[in-house]
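So you can see what is in the structure, the chains are spelled out below.
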Amino acid sequence: MNFLVLLLICGIILTIAYFTYGKFIENKLEIDPARKTPAVEMSDGVDYVATKKPVLLGHHFATIAGGGPIVGPITAVVFGWLPAVLWILFGSIFMGGVHDYTSLQASIRHRGQSIGAIIKEYIGRRGQTLFLIFSIATLILIVGVFIILVADTFSAVPEAATASVLFILLAPIFGVMVNQMRINLFVASIFGIIAMFLSIYIGMLFPIQLDSAVWSIILIIYAYVASVLPVWVLLQPRDYLNSFLLYGMIIGATIGVILFAPEIKFPAYVSFYNENLGYLFPILFITIACGALSGFHSLVSSGTTAKQLDNEKSGRFITYGGMLIEAFLAVIAIGSVIYLSQAEFTARLAELKTPVGMFSAGIGEFMSAFGLPIEIGTSFVALTVSAFLLTSLDSATRLGRYAVQEFCEERAPKIAKNAHASTFIIVAFAAILALSGTWSTVWPIFGAANQMLGALALLAVTAWLAKRKTKTTFTAIPMVIMFVITLSALIVIMQQNFIKGNYILVVIAIALFILCIALVIEAWQTFTRTKSTDKTIKA
């Protein structure tokens with residue numbers, strides 16, 4: 001079978017889903033374009049900033065994409081490409097897209113507040129406390145694992161490191177041009193795109209060569225600084241400009257697939273058990289998070305995107321649409337390795353070490369079909385991926401700051417709510433994790449925590465919708481599925497890491513499991529009390 005056929009089928013399915021199931025969700029949420037969003041009503045020029053739809057899509061998509069839809073699918077393809085593709089399609093359409101869109105809209109209807117604040121209103125203060133602890137732990141894992149992945153990528157592809165540093169310097173200039181000087185967005189975008197490609201060229205001429213440990217320290221400092229700056233200075237303009245890189249890579253990869261016409265050599269199904277990962281259920285469903293369903297997306301939707309949305313009508317395009325684009329990218333990531341045989345896959349992974357390296361090599365080879373030298377194509381793809389890893393890194397740090405500040409509200413001394421103090425808490429613990437492990441060791445526990453966060457976000461929006469007397473089947477069923485998957489996965493992770501002697505990860509898995517069960521019990525008790533009260537009132 002030719003991979004081009006598979007890619008076309010997936011693209012058609014995702015497009016139809018956007019205009020059908022996406023519209024169904026929009027109707028369920030009772031979208032009103034005349035209703036003022038928090039970005040308009042509460043504009044402060046720092047966090048609440050009304051943003052044009054294409055710019056916000058760039059920020060949102062760049063933030064949720066990161067390396068997840070590349071690392072996860074390539075890692076999980078060892079079970080076979082068919083289970084991976086089916087989960088990506090089903091998950092993104094009926095679970096991930098729903099999760100992202102409803103999280104955004106719930107936040108919009110609550111003045112841009114987080115999922116934690118929504119849980120407080122509909123489940124209770126204790127439920128909010130449990131959720132925030134879980135969110136902070138998950139975000140520390142996310143920041144830690146992305147520091148490792150970016151540092152490894154910069155060390156392996158120093159050209160990407162130079163270009164990424166130049167991108168970071170370019171972003172504030174672009175932000176000032178658009179937000180302070182009020183230069184036309186189109187004109188500023190042309191300038192930004194030219195400057196980006198110039199940065200890539202300079203990166204190839206002057207690669208910064210440092211080892212992973214040094215890059216990790218630099219990235220820790222960077223994450224701290226990026227978290228405390230106003231959103232328009234670095235986060236928003238950098239993400240917007242980076243989105244052009246990703247769109248370019250997706251277009252280039254698609255054209256490359258059409259011209260290269262890679263035949264699928266990798267088996268559609270390998271086995272239910274893999275000696276490195278474990279059993280297909282539940283491990284496949286936590287290994288592939290971004291691209292199917294990712295709890296991190298709910299924090300982005302309700303943490304930064306909800307504070308920048310200028311009109312409710314744009315929500316489906318940015319969140320549901322963004323999720324489906326990410327699913328398409330995840331399928332491309334699978335295609336970058338399944339044109340290899342199993343033996344070739346194993347050999348390339350041993351040579352290149354990480355899924356990012358394998359993806360870059362595969363897409364670089366595809367793009368050589370239209371005349372781009374493999375070395376340049378590979379470097380461009382590695383740069384693009386590292387740019388998005390950086391995006392996820394600093395956005396996760398910022399979201400971690402929000403979560404710590406929200407947790408410390410009425411629970412800790414005033415100093416703990418300070419932006420610098422709350423950011424330091426996230427960065428310090430993530431640094432310990434990043435400097436003591438490898439991505440392959442941390443990824444499974446990160447995946448389980450991330451997916452559990454998705455289940456908890458679906459629990460929150462289900463409670464909100466139930467209070468509004470809206471039928472909740474479209475959020476409740478995905479919620480139950482994700483609880484079953486993630487609780488099972490945490491049990492498996494406990495067992496696997498206990499056997500391997502990774503006792504820190506065992507403790508983390510146990511803590512996450514207990515937190516989740518406690519929150520579910522709290523939610524159940526709240527629902528039971530609410531139903532009892534409703535019956536009493538009716539009587």
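Here we summarise the structure given alongside this text.

Rules used in this analysis
Residues numbered from 1 in each chain as written. Predicted model: local features only at pLDDT ≥ 70, side-chain atom pairs only at ≥ 80, totals over all residues. Heavy atoms only, no water. Helix = DSSP H or I, 4+ residues; strand = E, 2+ residues; numbered from the N terminus. Rg over C-alpha atoms; globule rule 2.2 N^0.38 Å. Areas by Shrake-Rupley, 256 points an atom, 1.4 Å probe, with all protein chains shown as cover. Lys, Arg positive; Asp, Glu negative; His and termini not counted. Charge placed at Lys NZ, Arg CZ, Asp CG, Glu CD. Buried < 20%, exposed > 50% of the residue type's maximum accessible area, 1.4 Å probe, protein only. Polar contact = N/O pair within 3.5 Å; in protein donor to acceptor, adjacent residues only side chain to side chain. Contact = heavy atoms within 4.5 Å. Salt bridge = Lys/Arg side-chain N within 4 Å of Asp/Glu carboxyl O. Phe/Tyr/Trp six-rings, centres within 6.5 Å; stacked < 30°, edge-to-face > 60°. Lys NZ or Arg CZ within 6 Å of the ring centre and 35° of its normal. Core = buried A, V, L, I, M, F, W, Y, C linked by side-chain atoms within 4.5 Å. Axes fitted to C-alpha atoms, helices over the stretch in contact; angles between N-to-C directions. Parallel < 35°, antiparallel > 145°, perpendicular 65-115°, else oblique. Left-handed = near helix turned anticlockwise from the far one by under 90°. Nonpolar A, V, L, I, M, F, W, Y, C, P; charged D, E, K, R; others polar. Expected span 1.5 Å × (residues − 1). 1 Å grid on protein atoms, 1.4 Å probe; cavity = no way out; pocket = protein on both sides within 12 Å on 5 of 7 lines; lining within 4 Å. Points joined across faces, edges and corners; volume = space filled by probe spheres on them. Patch = residues over 30% accessible without salt bridge, like charges linked within 9 Å, V, L, I, M, F, W, Y side chains within 5 Å.

Overview of the overall build of the protein chain
Then step 1. From N to C terminus, the protein chain includes 22 helices and two strands.
Then step 2. Taken over the C-alpha trace, the protein chain has a radius of gyration of 22 Å; the compact-globule value for 539 residues is 24 Å, and the two agree within 12%.
Then step 3. Once the C-alpha set of the protein chain is aligned to its principal axes, its extents read approximately 75 × 60 × 45 Å.
Then step 4. When the accessible surface of the protein chain is summed, it comes to about 20,300 Å², and 69% of that surface belongs to carbon and sulfur atoms.
Then step 5. Treating the 33 positive side-chain charges of the protein chain as one cloud and the 27 negative ones as another, the clouds have centres 12 Å apart.

Notes on the side chain of Asp394
Then step 1. Looking at the element boundaries, Asp394 is found in helix 18 (residues 374–408).
Then step 2. Asp394 sits in the buried class, given a relative accessible area of 1%.
Then step 3. Here Tyr222 takes part through its side chain, which lies 2.5 Å from a polar atom of the side chain of Asp394.
Then step 4. Among residues more than four places away in sequence, those in contact with Asp394 are Tyr222, Ala226, Leu235 and Arg238.

Examining the environment of Val98
Then step 1. Mapped onto the secondary structure, Val98 falls in helix 6 (residues 81–108).
Then step 2. Once the C-alpha coordinates of Val98 and Arg316 are considered, the two residues, 218 residues apart in sequence, prove to be 9.6 Å apart.
Then step 3. Excluding anything up to four places from it in sequence, Val98 contacts Tyr21, Ile25, Ile93, Tyr320, Phe474 and Thr475.

Comments concerning the pattern of salt bridges
Then step 1. This model, assessed by the stated rule, comprises eight salt bridges.
Then step 2. Between Arg468 and Glu30 there is a salt bridge, with the nearest N and O atoms lying 3.0 Å from each other. Taken as a pair, Arg468 in the loop between helix 20 (439–467) and helix 21 (473–500) and Glu30 in the loop between helix 2 (21–28) and helix 3 (38–41) lie far apart in primary sequence, 438 residues in all.
Then step 3. Linking Glu312 and Arg35 is a salt bridge whose minimum nitrogen-to-oxygen distance equals 2.7 Å. Highlighted residues: Glu312 in the loop between helix 14 (295–303) and helix 15 (315–338) and Arg35 in the loop between helix 2 and helix 3, separated in sequence by 277 residues.

Re the side chain of Arg316
Then step 1. Here Arg316 lies in helix 15.
Then step 2. Note on Arg316: relative accessible area 12%, which makes it buried.
Then step 3. In terms of polar contacts, Arg316 uses its side chain to reach the side chain of Glu26, at 3.4 Å.
Then step 4. Leave out the neighbours within four places in its chain, and Arg316 touches Tyr18, Phe19, Gly22, Lys23, Glu26, Tyr101 and Gly321.

Details of the packing of aromatic side chains
Then step 1. Taken as a whole and judged by the stated rule, the model has 18 aromatic pairs.
Then step 2. Plain terms: the ring middles of Phe90 and Phe94 are 5.4 Å apart, the flat faces sit at 45 degrees to each other, and that makes the pair tilted. Residue Phe90 and its partner Phe94 are both found in helix 6; the two are separated by four residues, about one turn of the helix.
Then step 3. With relative accessibility at 42%, the residue Phe90 sits in the partly exposed group.
Then step 4. Here a set of aromatic residues connected by ring pairs shows up, and it is made of Tyr21, Phe24, Phe90, Phe94 and Phe474.
Then step 5. In this structure, Lys53 is placed above the aromatic ring of Phe317, and the distance from its NZ or CZ to the ring centre is 4.8 Å.

Some thoughts on the nonpolar core
Then step 1. Counting 185 residues, the largest nonpolar core has Ile338, Phe359, Ile445 and Leu456 as the members making the most contacts within it.
Then step 2. Each residue touching Phe359, except ones within four places of it in the same chain, is listed here: Ile70, Ile74, Met249, Leu329, Ile332, Ala333, Ser336, Val381 and Val385.

Side note on the packing of helix 12 (residues 235–260) against helix 17 (residues 355–367)
Then step 1. Contact geometry for helix 12 and helix 17: axes closest at 7 Å, N-to-C directions at 60 degrees. The orientation of helix 12 with respect to helix 17, classified from their angle, is oblique. Once helix 12 is placed against helix 17, the crossing between them reads as left-handed. Of helix 17, the residues touching helix 12 (which contributes Met249, Gly252, Ala253, Gly256, Val257 and Phe260) are Phe359, Ile363, Glu365, Phe366 and Met367.
Then step 2. Here the contact of helix 12 with helix 17 is built from residues that sort into eight nonpolar, two polar and one charged.

What to know about helix 17
Then step 1. Taking 1.5 Å per residue, 13 residues should reach 18 Å; helix 17 reaches 18 Å between its end C-alpha atoms and fits that length.
Then step 2. With 11 of 13 residues buried, helix 17 lies mostly within the body of the structure.
Then step 3. Those residues of helix 17 lying buried are Pro355, Val356, Met358, Phe359, Ser360, Ala361, Gly362, Ile363, Gly364, Phe366 and Met367.

Considering empty space enclosed by the protein
Then step 1. Across all of its chains, the model carries two cavities of 30 Å³ or more by this definition.
Then step 2. Looking at the largest cavity, its volume works out to about 40 Å³.
Then step 3. Where the lining of the largest cavity is concerned, the elements lending two or more residues are helix 9 (158–179), helix 10 (185–205) and helix 18.
Then step 4. In the lining of the largest cavity, the residues fall into six nonpolar, one polar and one charged.
Then step 5. Estimates place the volume of the second largest cavity at around 30 Å³.
Then step 6. Lining the second largest cavity, in full, are Phe167, Leu170, Met196, Arg238, Leu241 and Asn242.
Then step 7. Listing elements by their share of the lining of the second largest cavity, those giving two or more residues are helix 9 and helix 12.

Details of a nonpolar patch on the surface
Then step 1. Together, Tyr269, Phe272, Tyr273, Tyr279, Phe281, Val480 and Val484 make up a nonpolar patch on the protein surface, roughly 700 Å² of accessible area in all.
Then step 2. Mapping Tyr269 onto the fold places it in the loop between helix 12 and strand 1 (273–274).
Then step 3. We classify Tyr269 as partly exposed; its relative accessible area is 46%.

Structural notes on the packing of helix 6 against helix 15
Then step 1. Their axes nearest at 8 Å, the elements helix 6 and helix 15 cross at an angle of 160 degrees. Judged by the angle between their axes, helix 6 and helix 15 are roughly antiparallel. Here helix 6 and helix 15 pass one another in a crossing that is right-handed. Judged by residue contacts, Trp81, Ala84, Val85, Ile88, Ser92, Ile93, Gly96, Gly97, Val98, Asp100, Tyr101 and Leu104 of helix 6 engage Gly315, Arg316, Thr319, Tyr320, Met323, Leu324, Ala327, Ala330, Val331, Ile334 and Ile338 from helix 15.

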